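# Examination of the molecular architecture
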Amino acid sequence: MYEKINVDLMHNSGIRMVDLRSDTLSKPTMEMREAMYSAPVGDDVYGEDPTVTELEKRAAVLLGKEEAVFVASGTMANLIAIMVHCNQRGSEIISGDYGHTFKFEQGGTAQIAGVHTAVIKNNEDGTFNIEDLRKKIRKNPDFHEPISSLIIVENTHNLCGGKVLPLEWLEKVHNVAQEHKLPVHMDGARMMNAAVYLDVPPSRIVKDVDSVCFCLSKGLGCPVGAILAGSSEFIAKARRVRKAIGGGWRQAGIIAAAGIVALDKMIDRLKEDHIHAYQIAKAIYATSSKNFRVDLQTVQTNMVLMYINKMKIDIKELQRRLQTVLKTDSVKCSVRCMSLNHDCVRFTLYWEISDEDVAIACEKIQLVIREYDAMYLNGVA
Ligand SMILES: *Cc1c(COP(=O)(O)O)cnc(C)c1O
């Protein structure tokens, strides 16, 4: 999925590179770099880094939670949350089968936390069925069974293409969790995109969950970092676990400084990325291709999923063609994207992708789609 493709550009001059593989590629803004340069720092393991403390305080307020802790990555935040919520042996979490903690974190839930995962089939919109959730919760487990200890939801949903979880659905999950006295954790790596999409404060998105994490290093542009938030009691335990897994850091204010800039300046502008994503989706849709498909209704945030006819099109070859600029090509643009599930590529937007980048990337994508369509119309393949 993260495989590097050998770029075979004919000549470098005059070719615009538009890298849409992931928003993790975004680099810190000049303002972040300046803030990092002059940030007051101290030893954060001693609780003495004023910049980290300020970032954590601001993040907690923004999320409407008692406290927050600054950690190295979204993966670390999720792992810590799981270890704090599931502090007894034989614990089980309940997650969607497309969930990031289940699919992509190397099974850290099992490998490191020693926690079992029960999965529910994810719907296309990133939710799962509430009745299925009820069935997965083990009431009065006997000694054959693990103990249901945590429910995880993901917002926006990565593998579902940046889908925003409906607030009413989150409330239903919360109600079921309450009935069974289970906590809910939101893997909100891109929850700020959800807040911008719904045009509500971030605290509203996380009102119905006990803990939440979000990445500073994705659409928000920071070089490193994530925030984990919850009750004071939860965060005190999270700080202990963070230290045990090697996440206690010293003058981390250098990177926390970028996080403060992100909270101030990078959230509202996410709507530009959403507009850009929609422009790309519309460009794909406009080709009326029979081999490439996009569902306009489902493009909500900064991602576009383009489904391909996998009987005819090899996904690696498609990626290579999007990336290559031939001498004969009328559009001088190299586009990179990520492949998902063998039948779909993902285009992801972030702050450095400009209006001009999007315009030329749309032309390139259309050029490649038309080329494939023409090839299959003429019966070449
Ligand atoms: C990226 C991502 C993570 C992991 O974040 P890292 O900072 O890359 O470790 C977790 N959950 C979701 C939904 C993500 O998209």
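Residues numbered from 1 in each chain as written. Predicted model: local features only at pLDDT ≥ 70, side-chain atom pairs only at ≥ 80, totals over all residues. Heavy atoms only, no water.

- The record held by UniProt for the protein lists under Cofactor (unreviewed entry) the comment "pyridoxal 5'-phosphate".
- Entered under Sequence similarities (unreviewed entry) in the UniProt record, the comment concerning the protein runs "Belongs to the threonine aldolase family." (UniProt positions renumbered as here; feature names shortened; annotations may be inferred.)

## Remarks on the pattern of salt bridges
- Within this structure, the stated rule accounts for 20 salt bridges.
- Taking the shortest distance from any N to any O, the salt bridge between Asp23 and Arg190 comes out at 2.7 Å. Here the residue Asp23 occupies a position in the loop between β1 (16–19) and α1 (30–37), and Arg190 occupies one in the loop between β6 (184–187) and α8 (191–198), the gap between them amounting to 167 residues. Here Asp23 and Arg190 have matching classes, each one buried.
- Across the salt bridge formed by Lys237 and Glu233, the nearest N and O atoms sit 3.3 Å from each other. Pair noted here: Lys237 and Glu233 are both in helix α10 (residues 232–244), with a separation of 4 residues, about one helical turn.
- Through salt bridges with shared partners, a single network forms among Asp19, Arg21 and Arg336. (Salt bridge = Lys/Arg side-chain N within 4 Å of Asp/Glu carboxyl O. Helix = DSSP H or I, 4+ residues; strand = E, 2+ residues; numbered from the N terminus. Buried < 20%, exposed > 50% of the residue type's maximum accessible area, 1.4 Å probe, protein only.)

## Here's the deal with α10
- Its 13 residues give α10 an end-to-end C-alpha distance of 19 Å, which sits within 8% of 18 Å, the value for a rise of 1.5 Å per residue.
- Residues Phe234, Ile235, Ala238, Val241 and Arg242 constitute the buried set of α10. End-on, the buried residues of α10 take up no more than an arc of 120°, which puts them together on one face. Pointing more than 90 degrees away from the buried face of α10 are the exposed residues Glu233, Arg240 and Ala244.
- Packed against the buried residues of α10 are α2 (50–63), β2 (67–71), α3 (74–85), β7 (211–215) and β8 (226–230).
- Once α10 finishes, Gly246 follows within two positions and takes phi at roughly 85°, a positive value. (Expected span 1.5 Å × (residues − 1). Arc of directions from axis to C-beta. Contact = heavy atoms within 4.5 Å.)

## Some thoughts on the packing of aromatic side chains
- According to the stated counting rule, one finds 4 aromatic pairs in the structure shown.
- A centroid spacing of 5.7 Å and a plane angle of 65° characterise the contact between Phe292 and Tyr372, whose relative ring orientation is edge-to-face. Taken together, the residues span a long stretch of sequence, with Phe292 in strand β9 (residues 292–293) and Tyr372 in helix α14 (residues 355–377) at a distance of 80 residues.
- Every member of this aromatic cluster is reached through a ring pair, and the members are Phe292, Tyr372 and Tyr376. (Phe/Tyr/Trp six-rings, centres within 6.5 Å; stacked < 30°, edge-to-face > 60°.)

## Here's the deal with the side chain of Thr109
- Within the fold, Thr109 resides in helix α5 (residues 108–111).
- Among residues more than four places away in sequence, those in contact with Thr109 are Ile82, Ile93, Thr101, Gly114, Val115 and Thr117.

## Comments concerning the sheet that holds strand β4 (residues 116–120)
- The strand order β2-β8-β7-β6-β5-β3-β4 describes an open sheet built from 7 strands, whose pairing is mixed. Bordering the open sheet on either side are β2 and β4, each of which pairs with just one other strand. Looking at each pair of strands side by side, their axes are set apart by 20° on average, direction ignored.
- Where β7 meets β8, 4 bridges bridge the pair, whose relative direction is antiparallel. Paired with Cys215 across the two strands is Ala226, which belongs to β8.
- Against the sheet, α2 touches β2, β7 and β8, its axis set at about 130° to β2. (Pairing = 2+ DSSP bridges. Axes fitted to C-alpha atoms, helices over the stretch in contact; angles between N-to-C directions.)

## Focus on the UniProt feature "domain: Aromatic amino acid beta-eliminating lyase/threonine aldolase" (unreviewed entry) in the protein
- With numbering aligned to this structure, UniProt lists the feature "domain: Aromatic amino acid beta-eliminating lyase/threonine aldolase" (unreviewed entry) at residues 19–306.
- Each end of residues 19–306 is marked by a C-alpha atom, and these two atoms are 16 Å apart; helix forms 40% of the span and strand 16%.

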